[in-house]
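# Tertiary structure, described
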Amino acid sequence: MFCNFKSLRISIAIIETAADWFSDTKRIIFVPMIYFVFWIGVFILWLYGLCGVLSITDDVITVTSVQYQQKDVNRSEGTNWMVAGMVFGLVWITAFIMACNDFAIICATVTWYFSRKDVHDSDGIPGDSDIWKGFYWTYRYQMGTLAFGSFIMTIVWLIRATFEYVGEKLQDATGGNKCTECMLCCCRCILDCFDRFVRFLNTNAYIYCAISSESFCPSALHSFLLILKNSAKFAFVEHIAGAFMFLAKTFIAVLTTIIAYFILPPMTAPVEVEPTLPCVFIFLFSYFVAVKFIGIFETSANTILQCYLYDRDLELSHGIDMKHVPPTLLKFLAIHGEENNTKIQES
């Protein structure tokens, strides 16, 4: 940490800048809500289509219960493949909607970062964010990029699901052998690390795509090289933001649960209800909701870090107009600008 003290200072400035962005763009919290409602609509349509596919048969349908309308449907192999394709499609669409949500947040952060900071703003925080541009860029320019990235995530998730199924069967077949359990745990750890790596690379590829307007593969390559060159900065931002996010999620969940514990008895009076079990569900639900909304901060912090590194490379090679740079990061880019001018004068 002492050897990377400068990277630590920059990372803290990135977190502070992300907080300024969030304070200036509070309406960004509606983006996850919009995509969640959209996913619910897609899921209802998917269930309707799945019921239709499950009713397809080449054989006679046997009625087992007239009262409960139960029937035995002998589906053909083609129908089973159609069901598998629909399940795969639902997972892919879910990953695509999650990618669209992240990309809208990324575009809102990018437009805020590159907006003029020397123009007076009514809210006291310089910079303006264009959230709707994220929706427009998604469906006008980058739909293929997000679809390809979400397809990769779908493949990874299906590999993990297949391994869990095979691992459970293998564990039952070996009678709970400890060596088998140890091997399965190691494989689960490897797959989980690979899943985290692909998710992190996808997010950073979307960020680079929003900055440079390149397609997925070049953006993934350039963002990966950028991470390798600045691994300390990315690590500090990831862990510092992660610590703040964990505290925020825990605080929200605990506070919501405490409030629910005190208001449940008056709400259920005169019937006495033990509030412990409802409070457990309230804690889990509030923590899940907090994860979705606090994740906005992590995405914006990584986006601002890439924007800063993009500016730094331009400053070192060509020089830039710093009117768009946030005040918390201006001093670091100014240092690079002075170093660049010194090198030019020496040469």
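Provided above is the structure to which this section pertains.
The rules we used
Residues numbered from 1 in each chain as written. Predicted model: local features only at pLDDT ≥ 70, side-chain atom pairs only at ≥ 80, totals over all residues. Heavy atoms only, no water. Core = buried A, V, L, I, M, F, W, Y, C linked by side-chain atoms within 4.5 Å. Buried < 20%, exposed > 50% of the residue type's maximum accessible area, 1.4 Å probe, protein only. Helix = DSSP H or I, 4+ residues; strand = E, 2+ residues; numbered from the N terminus. Contact = heavy atoms within 4.5 Å. Phe/Tyr/Trp six-rings, centres within 6.5 Å; stacked < 30°, edge-to-face > 60°. Axes fitted to C-alpha atoms, helices over the stretch in contact; angles between N-to-C directions. Parallel < 35°, antiparallel > 145°, perpendicular 65-115°, else oblique. Left-handed = near helix turned anticlockwise from the far one by under 90°. Nonpolar A, V, L, I, M, F, W, Y, C, P; charged D, E, K, R; others polar. Salt bridge = Lys/Arg side-chain N within 4 Å of Asp/Glu carboxyl O.

Side chains that are nonpolar tend, in soluble globular proteins, to be buried together. Counting residues in each nonpolar core, the largest one holds 54 residues, and the members touching the most others are Ile14, Trp21, Ile28, Tyr113, Ile304 and Leu329. Within the residue set of this core, elements represented by two or more residues are α1 (5–24), α2 (30–54), α3 (77–113), α4 (131–140), α6 (178–212), α7 (216–229), α8 (231–268) and α9 (276–317). At 13 residues, the largest contribution of residues to this core is made by α3. Discounting residues that sit within four places of it in the chain, Trp21 has contacts with Ile28, Ile105, Ala108, Thr109, Trp112, Ser129, Ile296, Ser300 and Ile304.

A word on the packing of aromatic side chains. Per the counting criterion, the structure on display carries 15 aromatic pairs. Ring centres of Phe88 and Phe151 lie 6.1 Å apart, and the angle between their planes is 75°; this geometry places the pair in the edge-to-face category. One end of the pair, Phe88, is in helix α3; the other, Phe151, is in helix α5 (residues 143–173), and 63 residues separate them in sequence. Classification of Phe88 as partly exposed rests on a relative accessible area of 24%. Judged by relative accessible area, Phe151 falls into the partly exposed class, the value being 29%. Ring plane angle 85° and centroid distance 5.9 Å describe the contact between Tyr136 and Tyr141, whose orientation is recorded as edge-to-face. Ring pairing ties together the aromatic residues Tyr35, Trp132 and Phe135, which thus form one cluster.

With that settled, the discussion passes to the packing of α3 against α4. Interhelical geometry of α3 versus α4 gives an angle of 130° and a closest axis separation of 7 Å. Here α3 lies oblique to α4, going by the angle between them. When the axes of α3 and α4 are compared, the crossing they make is right-handed. Across from Cys100, Phe103, Ala104, Cys107, Ala108 and Thr111 in α3, the residues of α4 making contact are Ile131, Lys133, Gly134, Trp137, Thr138 and Tyr139. Looking at the contact of α3 with α4 residue by residue, the class counts come to eight nonpolar, three polar and one charged.

This brings us to the side chain of Thr257. On the secondary structure map, Thr257 appears in helix α8. Take Thr257: its relative accessible area is 15%, and that puts it in the buried class. Ignoring any residue separated from it by four or fewer positions in sequence, one finds Thr257 in contact with Cys279, Ile282, Phe283 and Ser286.

This structure, assessed with the given rule, holds seven salt bridges. Residues Arg199 and Asp195 are paired through a salt bridge, measuring 3.0 Å at the closest nitrogen-oxygen approach. Here Arg199 pairs with Asp195, and both are found in helix α6, just four residues apart, close to one helical turn. Since its relative accessible area comes to 42%, Arg199 is described here as partly exposed.

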